[in-house]
Amino acid sequence: MKEYRTINKIAGPLLFVEKTEPIAYGELVNIILFDGTVKRGQVLDTSDELVVVQVFETTAGIGRDSGVRFTGETIKMPVGREMLGRILSGGGKPIDGGPEIVPEKRLDITGAAINPYARASPNEFIQTGISTIDGTNTLVRGQKLPIFSGAGLPHNTIALQIARQAKVLGGKGEFAVVFAAMGITKEEANYFMQDFERTGALERAVVFLNLADDPAVERIITPRLALTTAEYLAFELGMHVLVILTDMTYPGYMYTDLACIYERAGIIKGKKGSITQFPILTMPGDDITHPIPDLTGYITEGQIVVSRDLHRKGIYPPINVLPSLSRLMNLGIGKGHTREDHKKVSDQLYAAYAEGNDLRGLVAIVGKDALSERDRTFLEFADLFENRFVRQGYNEDRTIEGTLDIGWDLLSTLPVEQLVRIDRDMINKYHPKFRNAEKAK
Amino acid sequence: MEVKSKKSKEPKQGMLKRISGPVVTAVNLDAHMYDVVKVGKEELMGEVIKIQGDNTIIQVYEDTSGIRPGEPVSNTGLSLSVELGPGLLTSIYDGIQRPLAVLVDKMGDFIQRGVSAPGLSHDKKWAFKPLVKAGDKVQGGSIIGEVQETNIVHKVMLPPNAKPGTVKTIKTGEFTVEETVCILDDNREFPMMQRWPVRVPRPVKEKLNPVIPLITGQRILDGLFPIAKGGTAAIPGPFGSGKTVTQQQLAKWSDAEIVVYIGCGERGNEMTEVLTEFPHLEDPKTGKPLMERTVLIANTSNMPVAAREASVYTGITIAEYFRDMGYDVSLMADSTSRWAEAMREISSRLEEMPGEEGYPAYLAARLSEFYERAGLVKTLAGGDGSVSVIGAVSPPGGDFSEPVTQNTLRIVKVFWALDAKLSQRRHFPSINWLNSYSLYLDTLHDWYDKEVSPEWNKLRSWAMEVLQKEAELQEIVQLVGSDALPEAEQITIEVARMIREVFLQQNAYDAVDTFCSMKKQYDMMKAIRLYSDLAYSAQAAGVPPNQINAVKSKNELPQIKFIKDYKPVLDKIAKDMDAEFNALRSAS
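Quick caveat, the model's predicted, so the values are computed rather than measured.

K.L.:
Any details on the overall build of chain B? Residues and values, ideally.
P.N.:
Within chain B, the secondary structure is distributed over 15 helices and 26 strands. The C-alpha radius of gyration computed for chain B amounts to 27 Å, which stays within 12% of the reference 25 Å derived for 588 residues, consistent with globular compactness. Principal axes of the C-alpha set define a box for chain B whose edges measure 95 × 55 × 40 Å. A total of 588 residues make up chain B; the buried ones form 61% of that total.

K.L.:
So, the pairing of strand S4 (residues 28-32) of chain A: which residues are in play, and what are the values?
P.N.:
All names here are of chain A. Among the 5 residues of S4, 4 are classified as buried, and the element is accordingly described as predominantly covered. Where S4 and strand S5 (residues 38-47) come together, 5 bridges link them in antiparallel fashion. Note that in S5 the partner of Val29 across the bridge is Gly41. Linkage of S4 to S5, two consecutive antiparallel strands, is achieved through a turn of 5 residues, within which Gly36 is found at a positive phi near 95°. Pairing of S4 with strand S7 (residues 67-70), which is carried by 4 bridges, proceeds in the antiparallel orientation. Its bridge partner lying in S7, Ile31 is registered against Val68.

K.L.:
Hey, could you go over the interface of chain B and chain A for me, with residue numbers and the actual values?
P.N.:
If you look at the interface, chain B gives 74 residues, while chain A gives 78 residues. For the interface between chain B and chain A, the tally reads 5 salt bridges. Residue A:Glu27 is joined to B:Arg68 by a salt bridge in which the shortest nitrogen-to-oxygen separation is 3.3 Å. Counting every contact that joins chain B to chain A gives 32 residue pairs in polar contact (both at pLDDT 80 or more). Among the elements that make up the side of chain B that touches chain A, the one with the highest residue count is helix H4 (residues 268-277) of chain B (8 residues). Of the residues contributing to the side of chain B that touches chain A, the split by class is 24 nonpolar, 28 polar and 22 charged. Strand direction decides the pairing type here: S5(A) and strand S1 (residues 14-20) of chain B, joined by 2 bridges, are antiparallel. Bridge assignment links A:Ser47 to a residue of S1(B), and that residue is B:Arg18.

K.L.:
Mind laying out the domain arrangement of chain A, listing which residues take part and the relevant values?
P.N.:
Residue and element names in this part refer to chain A. Under the domain assignment used here, chain A contains domain 1 (7-74), domain 2 (77-331) and domain 3 (342-440). One C-alpha centre belongs to domain 1, the other to domain 2; they are set 31 Å apart. Between domain 1 and domain 2, the residue contacts involve 8 residues of the former and 8 residues of the latter. Taken together, both faces of the contact between domain 1 and domain 2 bury some 640 Å²; the carbon and sulfur share is 56%. Interface area lost by domain 1 to domain 2 is led by Arg40, Phe56 and Glu57, which between them contribute 61%. Residue Arg106 is joined to Glu73 by a salt bridge in which the shortest nitrogen-to-oxygen separation is 3.2 Å. Here the residues of the side of domain 1 that touches domain 2 are counted per class, giving 2 nonpolar, 3 polar and 3 charged.

K.L.:
Tell me what's going on with the sheet that holds strand S15 (residues 167-168) of chain A, and back it up with residues and numbers.
P.N.:
All names here are of chain A. Spatial strand order, S13-S12-S15: 3 strands in an open sheet with antiparallel pairing. Looking at which strands have only one partner, the edges of the open sheet turn out to be strand S13 (139-140) and S15. Where strand S12 (residues 125-127) meets S13, 2 bridges bridge the pair, whose relative direction is antiparallel. Note that in S13 the partner of Phe125 across the bridge is Val140.

K.L.:
A description of the packing of helix H10 (residues 441-451) of chain B against helix H11 (residues 456-480) of chain B should follow, citing residues and the corresponding values.
P.N.:
All names here are of chain B. Where H10 contacts H11, the two axes come as close as 9 Å, and the packing angle between them is 130°. The orientation of H10 with respect to H11, classified from their angle, is oblique. Taking contact as the criterion, the partners of Leu441, His445, Tyr448 and Asp449 in H10 are, on H11, Trp456, Asn457 and Arg460. Its residues assigned to classes, the contact of H10 with H11 comprises 3 nonpolar, 2 polar and 2 charged.

K.L.:
If you had to explain the packing of aromatic side chains to someone new, which residues and values would you point to?
P.N.:
Scanning the model with the defined rule gives 24 aromatic pairs over all chains in all. Ring centres 5.4 Å apart and planes at 55° place the aromatic pair B:Phe415 and B:Tyr437 in the tilted group. Pair noted here: B:Phe415 is in strand S25 (residues 414-415) and B:Tyr437 is in strand S26 (residues 437-438), with a separation of 22 residues, a long-range link. Here B:Trp447 and B:Tyr448 contribute two aromatic rings whose centre-to-centre distance is 5.2 Å and whose plane-to-plane angle is 90°, an arrangement assigned as edge-to-face. The pair formed by B:Trp447 and B:Tyr448 is uniform in burial state, with each residue classed as buried. Linked through ring pairs, A:Phe179, A:Tyr191, A:Phe192 and A:Phe196 together constitute an aromatic cluster.

K.L.:
For the environment of A:Glu301, give the residues involved together with the corresponding values.
P.N.:
Structurally, the position occupied by A:Glu301 is in the loop between helix H6 (291-299) and strand S21 (302-306). Residue class for A:Glu301 comes out buried when judged on its relative accessible area of 2%. Measuring from C-alpha to C-alpha, the distance between A:Glu301 and A:Leu325 comes to 8.1 Å, with 24 residues separating the pair along the chain. Beyond its immediate stretch of four places on either side in the chain, A:Glu301 contacts A:Gly142, A:Gln143, A:Lys144, A:Leu145, A:Leu325, A:Ser326, A:Arg327, A:Leu328, B:Arg267 and B:Asn269. In this structure the side chain of A:Glu301 is engaged in a polar contact, spanning 3.0 Å, whose partner is the side chain of B:Asn269.

So, how was this worked out
Residues numbered from 1 in each chain as written. Chains lettered and ligands numbered in written order. Predicted model: local features only at pLDDT ≥ 70, side-chain atom pairs only at ≥ 80, totals over all residues. Heavy atoms only, no water. Helix = DSSP H or I, 4+ residues; strand = E, 2+ residues; numbered from the N terminus. Rg over C-alpha atoms; globule rule 2.2 N^0.38 Å. Buried < 20%, exposed > 50% of the residue type's maximum accessible area, 1.4 Å probe, protein only. Pairing = 2+ DSSP bridges. Contact = heavy atoms within 4.5 Å. Salt bridge = Lys/Arg side-chain N within 4 Å of Asp/Glu carboxyl O. Polar contact = N/O pair within 3.5 Å; in protein donor to acceptor, adjacent residues only side chain to side chain. Nonpolar A, V, L, I, M, F, W, Y, C, P; charged D, E, K, R; others polar. Domains from an automatic or database assignment. Buried area = accessible area lost by both parts, 1.4 Å probe. Axes fitted to C-alpha atoms, helices over the stretch in contact; angles between N-to-C directions. Parallel < 35°, antiparallel > 145°, perpendicular 65-115°, else oblique. Phe/Tyr/Trp six-rings, centres within 6.5 Å; stacked < 30°, edge-to-face > 60°.

In structure tokens form, the structure reads like this:
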């Protein structure tokens, strides 16, 4: 392989190399420093005069005397079943002291788009045991559902609880977790690793760790390595893979970049496995309109929003259902999936909580006494909702029936004629006030 | 085939000089703007978008990884065109009309590159029934025969730019789309299929003023902010506000004869949802599967960006083709913002001078050219046809002041403003009734008068007034609480709540409520009006508001939505309301 020493310019993460043979767009590049260190990059623009290389690591140490080798191929990674139980760096190198990965296959890390016609529609309900997800923002297998959070909020704890409790009711098949951490601290990494080890989850997990002091540019490839691994496990080995990506908030990503990451989820017709994605984003300044959460929200199939207010009230998990959404919920709930009343109970809970929450603002101005009786019941409903439906233990694994029944108990505190989202048949069948009478019939 | 061909000239093989993502530069290539070229050894499909000195700049519709300077480029001499003929319906295409089902067969579950596939099957035979006979005079756009494609009859036409002539031979029987079915006396031969360059609007005889609403079965749209057949509408909204659900509801229930749905830079699973759902849903008018009248274009967010740019043109050209047969076509584009972003991405690779927020300076022109292709028209064949265009817009941060939303609003006549606040409280469809508008109300006035009821237009204005009044009153309520309002205004608040909860809210996932006929919309609104009239007169007669609010029969109204045979129930509610109010009045 030819080595060029024709670097003409270095600016930020970009190298400009002159007088090369024809170099392919997207080629993997090795940069050899004077001390023998090898750094990696990728061709961003190529012409017969100049080749632009984006370096995945810091450019510290690269100079005119550095050698540039074009590998002639796009970035590939070794994959294999042996990766389960392993901890790798953000660049895909083992860091757990174990041996190198013996590849069963080498795959291009950019991955190809799934042909929309080849996709199967996700419709299998995943029970996470968390009411605010299962009841009101239901996750289905093959979905990409991010957690929008803020600095200092327990998003990682929630992610771990989901990773631990997630199951498909009556479902079979092999599970795996692919966990990729980008730019997290050593302490956070330890927290994840300890939990994985404590619960035995590590055996069925592949972990990629790019820590805060690792090169930031490497973070561009870490999620791609994770997803390439996930695709191998899901679509070649037939496993159901849950991918957790934390933290996806880093600058410079445009719509298409994010789409090429998030769209690598789903189910393929005729294949056994699936990829379900849980990206975690910490919104700078808790601002949901910040470009990264904003672009993410347009691509993913909903979002789970972690709220600082609820966290301050001491409620765990502090998930604010109002701005949260699961777009695929309706495919995975109802008769044959969860329970026939699910959709309508969820809608009614939302509407009532939203109304009660609005009234809190009003009470702050005019006081509780100025409220009508109807309004007072909604105000009380909002408190009950947070304390009984939202709040639950870190180890509390609620069934979907349990979650819906809590919902009905709460709704029964409202006058029955206020339940306009639910049809009469469902009310007669499930409302605590009528259901026993109905059974007696 | 009537596409301009420059094949007469000796085609020169060019050479790649530079590759920068989806944009590549070739030298020594004999090319015209928008020619389709084959790039590199793998012959990736591309289109000429700029010519500068000896450099030809090409946008490539497939991933360019691995392509090197020095590889060959050849010109097909054709403009980017679609194949039009029997076989379009029920198909799902990528942005450049490659059938995705065929691509799965050819390259597996993931999109690979360098594979071409014609838009229509060239092998399948269709039963062609002639509608002209030898000796008939025909011209561009004339309907010469038909094919029963699905439950839709596909009219076979001469290409719009065909010169007039006289039919010499017309055939009957089973033919592929390429076989000749008609020969004119100057020996020009025509197959069923025609090609049309996507960036050129198909010609019509005349554009007409739209006077009939596109009935969608969605109460807030048909009732308050209707779009006309041949009209244009935009649905802007932040993520999670229900753009896609609204677009899909329109694709399902709008009373167009043909639906073209473009998934432009959106989610893969959404297209799958449409593909899984539509074959099982029935057209409320014909009872046939909705899929049979549908053409889908899916260029998801992770598919090549240049093909995303082309996808809206591919879609609108197919829509125009069905319009030319005399059909009412509705086209949904979800989302035009992703289309605009594709333009931005290509433009920045071209190193063009950026306009507002990095979008190219020609953004506004492209958007208006696109929406201008909508319309109710007199076709070349002499019939009436229409294309209604409904574009979703995804403004960053939900901020409507951004360039794509603003430039779109300058062009379209209907604005359905989605509101995240409404969707958060599960008020669906979460279209804000105060910010939305339709500029078709005047032109559609007579239709509603005649087809729904002479009262309808008045009822509509009344409902809008109540909602407007409520918004003003809510500001006061926020300060002093609702009990402090005068009695009459407390009733207004209650009536407005009923309009919102009974009429405006609609459950897309309920088997009955998902589609609401205009008749039912009218009956529902009339019932709310009845309550309002009774309540005000009771209040005038001295009945206190808390007693008026306690009227039980009105609580049954929301249930009407979920009942198919609603009329007897609604009549009973009206009677009960009357009785309850009578009792209240006589007691006071």
